[in-house]
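Results of the structural survey
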Amino acid sequence: MARILLLHDAVPDYQTARAAEAVAARPGAFEIETGTIGAGGTHRATLSAAWRLHNPAKEFDLAHALGGRALVVAALAGFRQIVHSPTEFPSPKRIAWLRALAPYRDLRIVCPTATMHR
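Reference entry: report on the structure contained in this document. All values reported here derive from a predicted model rather than from experimental measurement.

1. Looking at the overall build of the protein
- When helices and strands are tallied, the protein shows five helices and five strands.
- Starting at the N terminus, the α and β elements of the protein follow one another as β-α-β-α-β-α-β-α-β-α.
- Taken against the 2.2 N^0.38 rule, which gives 13 Å for 118 residues, the C-alpha radius of gyration of the protein at 13 Å falls within 12% of a compact globule.
- Its C-alpha atoms give the protein principal-axis dimensions of about 35 × 30 × 25 Å.
- In the protein, buried positions account for 36% of the 118 residues.
- Intrachain contacts of the protein at a sequence separation of at least 6 include 63% that bridge at least 24 residues.

2. A closer look at the nonpolar core
- Ranked by size, the top nonpolar core spans 20 residues in total, and within it Leu7, Leu53, Leu71, Phe79 and Ile82 carry the most contacts.
- It is helix 3 (residues 68–77) that contributes the most residues to this core, six residues altogether.
- Apart from residues lying up to four places away in sequence, Phe79 is in contact with Leu5, Leu53, Ala57, Phe60, Ala63, Ala74 and Arg105.

3. Some thoughts on the pattern of salt bridges
- A complete count under the given rule lists six salt bridges for this structure.
- Taking the shortest distance from any N to any O, the salt bridge between Arg69 and Asp9 comes out at 3.6 Å. With a gap of 60 residues between them, Arg69 in helix 3 and Asp9 in strand 1 (residues 2–9) connect regions that are remote in the sequence.
- When salt bridges with common partners are traced through the structure, they connect Arg3, Glu31, Glu33 and Glu59 into a single cluster.

4. Notes on the environment of His64
- Mapped onto the secondary structure, His64 falls in strand 3 (residues 62–66).
- Sequence separation between His64 and Ala75 is eleven residues, and the spatial gap between their C-alpha atoms is 11 Å.
- Residues in contact with His64, not counting those within four places in the same chain, are Leu5, Leu6, Leu7, Val83 and Ser85.
- A distance of 2.9 Å separates the side chain of His64 from the side chain of Ser85, its partner in a polar contact.

5. Remarks on the environment of Cys111
- If you trace the backbone, Cys111 turns up in the loop between strand 5 (106–109) and helix 5 (114–117).
- Overall, Cys111 belongs to the partly exposed group, its relative accessible area being 24%.

6. A short note on the packing of aromatic side chains
- Enumeration over the complete set of coordinates arrives at one aromatic pair.
- Ring centres 6.3 Å apart and planes at 50° place the aromatic pair Phe60 and Phe79 in the tilted group. Taken together, the residues Phe60 in the loop between helix 2 (46–52) and strand 3 and Phe79 in the loop between helix 3 and strand 4 (81–85) connect sequence positions 19 residues apart.
- Judged by relative accessible area, Phe79 falls into the buried class, the value being 1%.
- Above the ring of Phe60, the side-chain terminus of Arg3 is found at 4.4 Å from the ring centroid.

What counts, and where the lines are drawn
Residues numbered from 1 in each chain as written. Predicted model: local features only at pLDDT ≥ 70, side-chain atom pairs only at ≥ 80, totals over all residues. Heavy atoms only, no water. Helix = DSSP H or I, 4+ residues; strand = E, 2+ residues; numbered from the N terminus. Rg over C-alpha atoms; globule rule 2.2 N^0.38 Å. Buried < 20%, exposed > 50% of the residue type's maximum accessible area, 1.4 Å probe, protein only. Contact = heavy atoms within 4.5 Å. Core = buried A, V, L, I, M, F, W, Y, C linked by side-chain atoms within 4.5 Å. Salt bridge = Lys/Arg side-chain N within 4 Å of Asp/Glu carboxyl O. Polar contact = N/O pair within 3.5 Å; in protein donor to acceptor, adjacent residues only side chain to side chain. Phe/Tyr/Trp six-rings, centres within 6.5 Å; stacked < 30°, edge-to-face > 60°. Lys NZ or Arg CZ within 6 Å of the ring centre and 35° of its normal.

The following block contains the structure:
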């Protein structure tokens, strides 16, 4: 059974919340654990979340990062396979960061719109 860690902000937007619920509601072939980042979440700050998830990263087969902060946590924690779903249109700085990250991680990007995909 594949183990997946679903990471997102503690106070997500509507689309992110619905996507997280849809992924978490799929029992069966996957064992899904959810982690939230931010005040009131599972992890209070980005760097502390990356530090706490460094050793558990080896136990998961995949990290699904919903949003930029979750992607930073997944990358710094050392997850080898990352699926990233951006929550807003990526800036040129974010695109450069994704390109720099791609050679070191098995990174898949899932865009909600065709415009964002370009």
